[in-house]
Amino acid sequence: MELRIDRQSVQRCRELAGAIVAPVEDFIAAHSTVSVERAVLRLLGVDGITDQEVPLPNAVVDALPSDERAGGVALALGRAMAETGLEPQQLAESIAARKHVFEAFAQTPEAAARAALGAHVERAMQRIAARRDERASLLDRLPQLAPPLLYVIVASGNIYEDRTAAVAAAQAGAQVIAVIRSTGQSLLDFVPFGPTTEGFGGTYATQANFAIMRAALDEIGERLGRYVMLTNYASGLCMPEIAVMAALERLDMLLNDSMYGILFRDINMKRTFIDQHFSRMLNAYSGIIINTGEDNYLTTADAVEQAPAVLASQFINEEFAHRAGLPDHQIGLGDAYEIDPDREDSFLYQVAQAQLAREIFPDASLKYMPPTKHMTGDVFKGHLIDAMFNLTSVMTHQSIHLCGMPTEAIHTPFLGDRALALENARYIMGTARHLGDEIVLRPGGTIERRAHEVLAGCEGLLERVAGMGLMKAIEAALFADVSRGPERGRGLDGVFTRAQEYWNPFADALTRAPA
Amino acid sequence: MELRIDRQSVQRCRELAGAIVAPVEDFIAAHSTVSVERAVLRLLGVDGITDQEVPLPNAVVDALPSDERAGGVALALGRAMAETGLEPQQLAESIAARKHVFEAFAQTPEAAARAALGAHVERAMQRIAARRDERASLLDRLPQLAPPLLYVIVASGNIYEDRTAAVAAAQAGAQVIAVIRSTGQSLLDFVPFGPTTEGFGGTYATQANFAIMRAALDEIGERLGRYVMLTNYASGLCMPEIAVMAALERLDMLLNDSMYGILFRDINMKRTFIDQHFSRMLNAYSGIIINTGEDNYLTTADAVEQAPAVLASQFINEEFAHRAGLPDHQIGLGDAYEIDPDREDSFLYQVAQAQLAREIFPDASLKYMPPTKHMTGDVFKGHLIDAMFNLTSVMTHQSIHLCGMPTEAIHTPFLGDRALALENARYIMGTARHLGDEIVLRPGGTIERRAHEVLAGCEGLLERVAGMGLMKAIEAALFADVSRGPERGRGLDGVFTRAQEYWNPFADALTRAPA
Amino acid sequence: MTQLVRPYGDTQNDGKVQLSFTLPVPWSDAADEAARQLAVKMGLRDVQVVDGRPIATGFSFFVIYASTPQSVDVDAVTVPSTGAHALSMEEVDALVRERIGRKIRVAGACIGTDAHTVGIDAILNMKGYKGDYGLERYREFESFNLGSQVAVEELVSFAKERRIDALLASQAVTQKGSDIKNFTALSELLEAENVRDKVVLICGGPRVTNLLASELGYDAGFGRGTLPSQVAAFVAVTLAERFRQGRPHW
Amino acid sequence: MTQLVRPYGDTQNDGKVQLSFTLPVPWSDAADEAARQLAVKMGLRDVQVVDGRPIATGFSFFVIYASTPQSVDVDAVTVPSTGAHALSMEEVDALVRERIGRKIRVAGACIGTDAHTVGIDAILNMKGYKGDYGLERYREFESFNLGSQVAVEELVSFAKERRIDALLASQAVTQKGSDIKNFTALSELLEAENVRDKVVLICGGPRVTNLLASELGYDAGFGRGTLPSQVAAFVAVTLAERFRQGRPHW
Ligand code: B12
Ligand code: B12
Ligand SMILES: Cc1ncc(COP(=O)(O)O)c(C=O)c1O
Ligand SMILES: Cc1ncc(COP(=O)(O)O)c(C=O)c1O
């Protein structure tokens, strides 16, 4: 299938995205956040919780004297290590226990601090690289099935039930398993600890839960002779920390959007921009494919009207991703099948939009989300809407395919629902496997005209955003019809300006590292 | 959508069909059958049953002395009427009651016989014409929805339950209702009488049942503001009689295939050829759309292999239909969606075949049958296979669309099954309404190549059939892998050679009548 | 007069139903039979296991058609009505002007950790739902939309502060009964703060029925497909009654 | 040891099932409630009527998710096995040569007014089914396929005439129990003609289970997905046993 699109307009959109992101990147370069610092600690091996169940990374960062925070936790910790000769974890524990206080080491020279950390930084980078290489060799030995990669969610709230569900889904053909987070976790300014069995609408994202899933999927992958990928969510107040956990437990994808938290969770924009940048640098190095959340624009507003906004967001996400060092194939730009199914020719509109994205981002790992908003308790009709979504996906060669559930409007998926959803995808994608290669779109037809309309709308929107600047544009509700102010939203207090001497050893190491 | 096909080959196939049918038509012209004669009686108004529950038309034809049968029942009856002055019905009753015997009037001159019947023949022709014109004006006042016309079956065995089901289906969007016959009726050499409430896998086709349905559908049609069509089955041992009943009760379509009874019910071929001809002459005049049964080739053998046979049968059915005076728009050539759904690209093969038929028979009312053979108890998957069938139908602009049931493998449709099936068709045909106009098939692609293959295979098959003659070809099992001999099969005893003086007043009237 | 009805397959009272479920057993003929026996234990007759297949190691999926001997007397079925005498926006405003004489103050939120605001927005936002205007559009309503993930404490103190006449709580996430928990927490806190009788308390969400709402001690509950005008009418009429009867209000 | 299992939604023993049916009532909130009550009467818990809608005047369709408290002891579930020790065509032929010493005569038909021959053909025709050869292909079987719509009288007299060792009757149409009627008629006629004990009597069809067959007094029954070799093995083994035990045969 081929869609003739205005390449100049595409070019222009990319330039605009560049112009929009540049100033934000300058802002990011001058700031850090508590979650970035906590991520640094996790990379240095700090983990566990205090007796008040406060995660150690939080305890340590909270223990930073206000005047030292601006230098970054690495310097402070490095100084303390130089003086005490303790390992990061031991030190963190004694700081949490108030046995040591940072103030005591304020005079220690920077050089000593850097020296003290050097080896640990090295080790952390190696650990991540090792996990990345491990994935590479597994993928080679246990090749995946042809794309679209069938992706399903598990969300029982109990990690052990999730494990059962994930293994069953893999056997039924799933190639990617996402563990959905419990509602509200994205608003927590810390990452819960240990295996969890209680959650609402999802299961908490903890490093222990990641490990439990990873082990189960590696095992079933071996039995099936194909690697099964694992996914979770970064976006929220702890993007950098979750990026670290994901790197260490060899997750393969992470939901990581540059604006989702701002627009859909009322998280402060500065916080989000800074966090997404560092978390994406980590994702890049870990070989993790990010998944962006454009689908969210469509669940809250009319999908036909929002199409240009989705495309605009894809351009912006792409730009932010490139700035963080992510190569195209690690950029899973989002889109979703959310046009009112009862609208005449809605299928044509969906095809237009999906094919447009495919041609504008040829090397990106496009992630296609299923119908959700228009799904109802009529599971029989819902199954059909999912079928047309499956057909669109295989026709337009999407890369990552999130299988729609017939019970979308009812409950988080049952084990049997997933089996039906996968059967649906397998059947449709098999019976119409090469349909996309068989047909040519009629020049000047509805599909082509719709694609042009969306692209033009996107260019116009990006022009406006570039004109006022991204932060102002968000305040002016240019995205998702919601207004968010730079000084409002959750987590602003966790944002701070970097001091002259600010040091994030991993930011440096990652910048140096070859992609 | 456009498929480039070899027009010369199509031309050649039509010539071959002509050559194949011509000798059979000569045979038909020289013979008649008991069911043709019974149909003549029904047209003359003979109806009802004897006290032994024998339908009067059967009783009268059975009462014909063997030497008189060859002249046709019309002559014998006309003679008796001329002498007795009785009306056909009264006379039939007294003959059945042995109050009169045909032998008594053997000497009456032919002319008197013809004269006695003249007025009745006129009246019968007028009755049929009136029903036909009634349909025309209803269709004008209560226009149908755009094609494909959604067609569903009712088959409870009980005409009153069927009526409930039919009205409900019409409200759910059905535009054509078919009352499926009870198993085995096609093998009865008479037509049951009166309303019936007991049947297996279907409901008996009786004139009373036709009337009950017609009334119900006319009523709901008025309420919905759109005409709802009624269908039943002719093929079997009573094709001509059912054609009469259908004409009188204003059915709109009839399953009427020139070879179905032979191949799939082991009915003698001579009997079938003669019967289908006269029944189709009646259908033509009644404005009834015939539906042929090519779908049956696919339910018993592999659908990919049988595709050329289906096309060949369509050419033959078209030729027989034209010979009986049916205009293209009254010819509902059959095809079905029966390729193994799990075969890769099976959808492409289905599209190729459906589009091929559409382009070869541009003005025919193509009747597309749903997946049946590969349907299983997995109603969820079955619903999806039906969806792809629905998509193919709207893409290739089929005329009459028999909705597939998710419960196809389980039971004759429940009221709720029909609602789901119609919801399926409405959704798919709406969301992809103009897909067919949007796409161009890639020249030299799989679809085009498959279409060529089928057409070539069909031409080859027709060559062989023409070579040996249709009757021999059937004996040689060239159709549906079954061999049927000219002297074998059910109903042969009901076939006879026309005598010199043979007279079928309606055959004449219908030949004179303008199509 | 009683009117007993049974599920309808293709014949009155045949009681036909379709059933599907997963059993945590490997598939086999015995598994099919186990599925059949389970259906029989559920009181079903003429049980046909029309599909049984493995969907994973140790899990099988079944589709069953059967007849139920059960029936319901539809004339005995009653649902507490939201009394929604369908009123147009203009009629509601008029009613408020006449019988209440001041604007009705309404506050809505998606409570607990639930972030599904589309539902409550559909009721409150100008735009409304399916062409039916939202409460913000009503002249005689002053409405506040507190948005998503609002703690019940927050909602209650807001209600007291602004002297809210009608509280609208929404829940879309129902897993592990979280919706019930949150709805209950809200009504209990209102009791505790002695303002329960001052507000018209309403809950809503895809799984809410008016029956459930009354069980939870709410004045009304609205589920799938609710239109803003139905809610506006209910609030206006109910409050007007309270004014007439001189029952408590701000 | 007993192993109680319940339907599995997303948690062990949650008992989740999906249900759908039509009620002959116009749709309304009360109709949804009637559907819920019906499900409750069926012994279901946590009944969620997730969809209810009119499908025609006086008819509504419902989709329900609920939990069943019922469970089955899968270890107690037994299905009479067709004893089909999977044997290859060669093994079957060998067994017949050794233990019976002559060809087995088999006759199959689709009885009554049923014309669904694809099933019985799949068992008898050379070609077979799913790559498994049909009985006609077996050296040691002489098989007759009487085809469709064969009256039981015809089949029985054929059996007597040709001294048939194994009779295969097929039924696909099950509406109004026509399959049971025809199967019963066949076995009764065989009894009446005193040849029942001489033939291995087998029925088959999409709705047939071996359990049903034994209830109908058949030696075996085969349902969906049967392979010819399973049938051949059963016939050969059963007949060989009869020979060994010197029980009646032609
Ligand atoms: C859109 C959506 C989202 C959006 C929400 C955006 C937003 N700002 O609202 C996003 C993408 C953010 C989202 C996220 C999640 N979602 Co969500 N989401 C949906 C979805 C697709 C549609 C809901 C919707 O908007 N319906 C349209 C509105 C108009 O209908 P409605 O809510 O029923 O409202 C109507 C009536 O109920 C009534 N009404 C509703 N509230 C009120 C209140 C009052 C007072 C009154 C009078 C009336 C009323 O009036 C409305 C108009 O008629 C549903 C699936 C579905 N199709 O239903 C899942 C669904 C609700 N989500 C679900 C889940 C689990 C989540 C997540 C927890 C998953 C995850 N971990 O990522 C997250 C977490 C969010 C959170 N913290 O709560 C589950 C809930 C499962 C369950 N039953 O517990 C569902 C059912 C999907 C599924 N099957 O898993 N979701
Ligand atoms: C093909 C077909 C037809 C063809 C039959 C062609 C032929 N020569 O067989 C045609 C088009 C002629 C036809 C007609 C009708 N059919 Co039909 N047909 C079907 C269909 C689509 C497939 C059946 C099939 O071939 N299955 C494939 C075979 C291989 O599977 P099987 O039969 O189960 O056989 C396997 C096993 O059961 C077993 N087996 C079967 N028999 C035996 C016997 C023995 C001894 C053994 C050991 C094993 C065995 O081994 C086989 C291989 O594994 C089914 C729907 C479906 N998808 O099942 C409807 C279906 C069976 N038909 C049905 C009906 C009602 C009819 C009609 C009555 C409708 C009508 N009035 O027109 C007519 C009348 C025919 C008649 N007089 O019986 C209904 C039956 C409803 C019911 N449960 O009562 C069905 C279920 C469709 C429906 N939902 O309405 N049909
Ligand atoms: C990009 C992105 N991140 C995160 C999430 C999940 O966020 P939360 O945990 O807040 O529901 C989503 C959900 O849609 C998402 O699209
Ligand atoms: C052309 C045609 N006629 C008649 C029938 C029905 O015939 P019977 O009543 O013998 O099942 C069919 C069924 O498929 C058919 O295709």
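Higher on the page you've got the structure.
Residues numbered from 1 in each chain as written. Chains lettered and ligands numbered in written order. Predicted model: local features only at pLDDT ≥ 70, side-chain atom pairs only at ≥ 80, totals over all residues. Heavy atoms only, no water.

**Q** Where do I start with the overall build of chain A in this structure?
**A** The secondary structure content of chain A amounts to 21 helices and 12 strands. Here the C-alpha atoms of chain A give a radius of gyration of 23 Å, agreeing with the 24 Å that 2.2 N^0.38 yields for 515 residues. Seen through its C-alpha atoms, chain A measures out along the principal axes to roughly 75 × 55 × 40 Å. Burial status across chain A gives 68% buried among its 515 residues. (Helix = DSSP H or I, 4+ residues; strand = E, 2+ residues; numbered from the N terminus. Rg over C-alpha atoms; globule rule 2.2 N^0.38 Å. Buried < 20%, exposed > 50% of the residue type's maximum accessible area, 1.4 Å probe, protein only.)

**Q** Got a minute to help me understand the coordination of the cobalt atom of ligand 2 in this structure?
**A** For a metal bound by four donors in a tetrahedral arrangement, the ideal donor-metal-donor angle is 109.5 degrees, while six donors in an octahedral arrangement ideally sit at 90 or 180 degrees. Just one protein ligand coordinates the cobalt atom of ligand 2, and it is His116 of chain D (NE2) at 2.2 Å. Locating histidine 116 of chain D in the fold gives a position in the loop between β6 (104-110) and α3 (118-124). (Donors = N, O, S within 2.8 Å, 3.2 Å for Na, K, Ca; no water.)

**Q** Which parts of the structure should I look at to understand the sheet that holds strand β9 (residues 200-204) of chain D?
**A** The strands that make up a sheet are held in pairs by hydrogen bonds between backbone atoms, and each pair lies either parallel or antiparallel. Residue and element names in this part refer to chain D. With parallel pairing, the 5 strands of this open sheet are ordered in space as β7-β6-β8-β9-β10. Two strands lie at the open edges of the sheet, namely β7 (141-145) and β10 (220-222), each paired on one side alone. Strand-to-strand twist in this sheet, taken as the mean axis angle between neighbours without regard to direction, amounts to 20 degrees. By the bridge criterion, 5 bridges tie β6 to β7 in an arrangement that is parallel. Bridge pairing in β7 links isoleucine 104 to phenylalanine 141. Seen against the sheet, helix α5 (residues 178-192) touches β8 (166-170) and β9 and runs at an angle of roughly 170 degrees to β9. (Pairing = 2+ DSSP bridges. Axes fitted to C-alpha atoms, helices over the stretch in contact; angles between N-to-C directions. Contact = heavy atoms within 4.5 Å.)

**Q** Explain the packing of aromatic side chains here, please?
**A** Here the distance between the centres and the angle between the planes together describe a pair of aromatic rings. Across all of its chains, the model carries 29 aromatic pairs over all chains by this definition. Relative to phenylalanine 389 of chain B, the ring of tyrosine 368 of chain B has its centre 4.9 Å away and its plane inclined at 45 degrees; by these criteria the two rings are tilted. Residue tyrosine 368 of chain B is found in strand β9 (residues 367-369), and its partner phenylalanine 389 of chain B is found in helix α16 (residues 379-395); the two are separated by 21 residues along the sequence. With respect to class, tyrosine 368 of chain B is no different from phenylalanine 389 of chain B; both count as buried. Summarising the aromatic geometry, the rings of phenylalanine 222 of chain C and phenylalanine 234 of chain C are spaced 6.1 Å apart at their centres and angled 75 degrees between planes, so their arrangement reads as edge-to-face. With phenylalanine 222 of chain C in strand β10 (residues 220-222) and phenylalanine 234 of chain C in helix α7 (residues 228-244), this residue pair connects regions lying 12 residues apart in the sequence. For the residue pair phenylalanine 222 of chain C and phenylalanine 234 of chain C, the accessibility class agrees, reading buried in each case. (Phe/Tyr/Trp six-rings, centres within 6.5 Å; stacked < 30°, edge-to-face > 60°.)

**Q** Mind showing me how you'd approach the interface of chain A and chain B here?
**A** By a frequent convention, interface size equals the accessible area lost on bringing the separate parts together. Counting residues at the interface gives 38 residues for chain A, matched by 38 residues for chain B. With both chains or domains summed, chain A and chain B bury close to 3400 Å², and 64% of this area falls on carbon and sulfur atoms. Together, Leu384, Tyr427 and Glu438 of chain A form the three largest contributors to the area buried by chain A at its contact with chain B, with a combined 23%. For the pair chain A and chain B, the interface holds 4 salt bridges. Measuring nitrogen to oxygen at the nearest pair gives 3.5 Å for the salt bridge that ties arginine 442 of chain A to glutamate 438 of chain B. In this assembly, chain A and chain B are joined by 19 residue pairs in polar contact (both at pLDDT 80 or more). Among the secondary structure elements, those contributing two or more residues to the side of chain A that touches chain B are α15 (346-360), α16 (379-395), α17 (415-431), α18 (435-438), β11 (439-441) and α19 (446-468) of chain A. Looking at chain direction, β11 of chain A and strand β11 (residues 439-441) of chain B are connected through 3 bridges and run antiparallel. From the neighbouring strand, valine 440 of chain A faces β11 of chain B, where its bridge partner is valine 440 of chain B. (Buried area = accessible area lost by both parts, 1.4 Å probe. Salt bridge = Lys/Arg side-chain N within 4 Å of Asp/Glu carboxyl O. Polar contact = N/O pair within 3.5 Å; in protein donor to acceptor, adjacent residues only side chain to side chain.)

**Q** Would you take a moment to explain the packing of helix α1 (residues 7-29) of chain A against helix α12 (residues 269-286) of chain A for this structure?
**A** Residue and element names in this part refer to chain A. At a minimum axis separation of 9 Å, α1 and α12 run at an interaxial angle of 85 degrees. On the basis of the axis angle, α1 is roughly perpendicular to α12. The segment α1 lies against α12, with Val24, Glu25, Phe27 and Ile28 engaging Lys270, Phe273, Ile274, Gln276 and His277. Partitioned by chemical class, the residues of the contact of α1 with α12 number 5 nonpolar, 2 polar and 2 charged. (Parallel < 35°, antiparallel > 145°, perpendicular 65-115°, else oblique. Nonpolar A, V, L, I, M, F, W, Y, C, P; charged D, E, K, R; others polar.)

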